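Architecture and fold: a report
For reference, the chains in residue letters:
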Amino acid sequence: MRVLVVEDDALLGDAIQAGLKQKGFVADWVRDGAAADLALETGTHAAVVLDIGLPRRSGLEVLARLRGRKDPVPVLILTARDTVEDRIAGLDAGADDYLVKPFDLGELAARLRALTRRAGGSAAAAIAVGALSLDPATHEVTWRGEAMALSRKEFSLLHAFMLNPGKVMTRGELEDKLYGWGEEIESNAMEVHLHHLRKKIFPGVVRTLRGVGYVMPRDLA
Ligand code: CA
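Figured I'd write up the structure that's included with this text. (Residues numbered from 1 in each chain as written. Predicted model: local features only at pLDDT ≥ 70, side-chain atom pairs only at ≥ 80, totals over all residues. Heavy atoms only, no water.)

Attention shifts here to a nonpolar patch on the surface. A contiguous nonpolar patch, built from Val168, Leu209 and Val212 and spanning about 220 Å² of accessible area, is present on the exposed surface. By secondary structure assignment, the location of Val168 is in the loop between helix H6 (152-163) and helix H7 (171-178). (Patch = residues over 30% accessible without salt bridge, like charges linked within 9 Å, V, L, I, M, F, W, Y side chains within 5 Å. Areas by Shrake-Rupley, 256 points an atom, 1.4 Å probe, with all protein chains shown as cover. Salt bridge = Lys/Arg side-chain N within 4 Å of Asp/Glu carboxyl O. Helix = DSSP H or I, 4+ residues; strand = E, 2+ residues; numbered from the N terminus.)

So this is what it looks like as structure tokens:
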């Protein structure tokens, strides 16, 4: 899952980005409100971690513009201790959740999972498509009850398909979900990950529609 981190504090931003990566997220990081606006206009992130006190445009302004564009992406705001007004203003401006600094990175990751799960219309932690199930928290994948060992990218790719069963996605769309800015993407990397998924799970887990894209059938059995 790809998230945008907006934080001007270099140490904290770096720690959040590294921590989320370690927990299996793809995390892009920007350091001011104007850069956040630009990044959010691309619509490639599944959730946003937004600091309120930012240079060039406050987090509250970024949030107001985002919701003004009717963008429903889940937003978790970060506020300083003793700033209950910020939290109230943020929630009223359309934030979905908040954390008070300093916070635990494991809690941040769990809250992001909960937010994206609810945005996807499900309260359950694990997601299932037919006989395939995936737990974003534990990274467990089972196929017909049998546990699968997947690499991090294979897991992310499978997760992207399982969030959109029946939907045809282009290679570009999938790469956007799988890779952050500045990450090297080898031209055939996606096909290699797909090949592994088909080999480990079963060949029909994802279908290739020539010249169109890729789709996970809704009725995997
Ligand atoms: Ca700040």
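Attention shifts here to the nonpolar core. Within the largest apolar cluster, 27 residues are counted, with the highest numbers of intra-cluster contacts made by Leu132, Leu158, Phe161 and Met216. Elements represented by at least two residues in this core include exactly strand S6 (127-129), strand S7 (132-135), strand S8 (140-143), H6, H7 and helix H8 (189-200). Residue contributions to this core peak at six residues, all from H6. Once you skip the residues sitting within four places of it in the chain, Phe161 turns out to touch Met169, Leu174, Leu194, Val206, Tyr214, Val215 and Met216. (Core = buried A, V, L, I, M, F, W, Y, C linked by side-chain atoms within 4.5 Å. Buried < 20%, exposed > 50% of the residue type's maximum accessible area, 1.4 Å probe, protein only. Contact = heavy atoms within 4.5 Å.)

In terms of residue burial, strand S3 (residues 47-51) counts as a mostly covered element, since five of its five residues are buried. Of the two faces of S3, the one lined by Ala47, Val49 and Asp51 and the one lined by Val48 and Leu50 are each fully buried. Note: strand S1 (residues 2-6) against S3, four bridges, orientation parallel. Looking at S3, one finds that Val3 is bridged to Ala47. (Pairing = 2+ DSSP bridges.)

Moving on to helix H5 (residues 105-119). A turn of α-helix holds 3.6 residues, and therefore any two residues three or four places apart point the same way. Here H5 spans 21 Å end to end across 15 residues, near enough to the 21 Å set by a 1.5 Å rise per residue. Buried residues of H5: Leu108, Ala109, Leu112, Arg113, Ala114, Leu115 and Thr116, and no others. Buried residues along H5 sit in contact with S1, helix H1 (10-22), S3, strand S4 (75-79) and strand S5 (97-100). Capping of H5 at its N-terminal end is provided by Asp104; its side-chain oxygen lies 2.9 Å from the backbone amide nitrogen of Gly106. (Expected span 1.5 Å × (residues − 1). Polar contact = N/O pair within 3.5 Å; in protein donor to acceptor, adjacent residues only side chain to side chain.)

A few words now on the coordination of the calcium ion. Taken together, Asp8 (OD), Asp51 (OD) and Gly53 (O) make up the full set of protein donors to the calcium ion, lying 2.1 to 2.3 Å away. Here the donor residues of the calcium ion share one chain and are spaced in sequence as D-x42-D-x1-G. Of the residues examined, Asp51 reaches a relative accessible area of 4% and is grouped as buried. (Donors = N, O, S within 2.8 Å, 3.2 Å for Na, K, Ca; no water.)

This next bit is on the packing of aromatic side chains. Summed over the entire model, instances satisfying the criterion amount to one aromatic pair. Their ring planes at 5° and their centres at 5.0 Å tell us that Trp143 and Phe202 sit as a pair that is stacked. Remark: Phe202 occurs in the loop between H8 and strand S10 (207-209) and Trp143 occurs in strand S8; sequence separation between them is 59 residues. Phe202 sits in the partly exposed class, given a relative accessible area of 24%. Stacked on the ring of Trp29, the Lys or Arg Arg31 has its end atom at 4.2 Å from the ring centre. (Phe/Tyr/Trp six-rings, centres within 6.5 Å; stacked < 30°, edge-to-face > 60°. Lys NZ or Arg CZ within 6 Å of the ring centre and 35° of its normal.)

Spatial ordering of the open sheet is given by S6-S7-S8-S9, a layout of four strands whose pairing is antiparallel. Single-partner strands in this sheet number two, and they are S6 and strand S9 (146-148). Neighbouring strand axes in the sheet, compared pairwise and without regard to direction, differ in orientation by 25° on average. Here three bridges tie S6 to S7, and the two strands are oriented antiparallel to one another. Counted as the bridge partner of Ala128 is Ser133 from S7. Strands S6, S7 and S8 of the sheet are contacted by H6, whose axis makes an angle of about 115° with S7. (Axes fitted to C-alpha atoms, helices over the stretch in contact; angles between N-to-C directions.)

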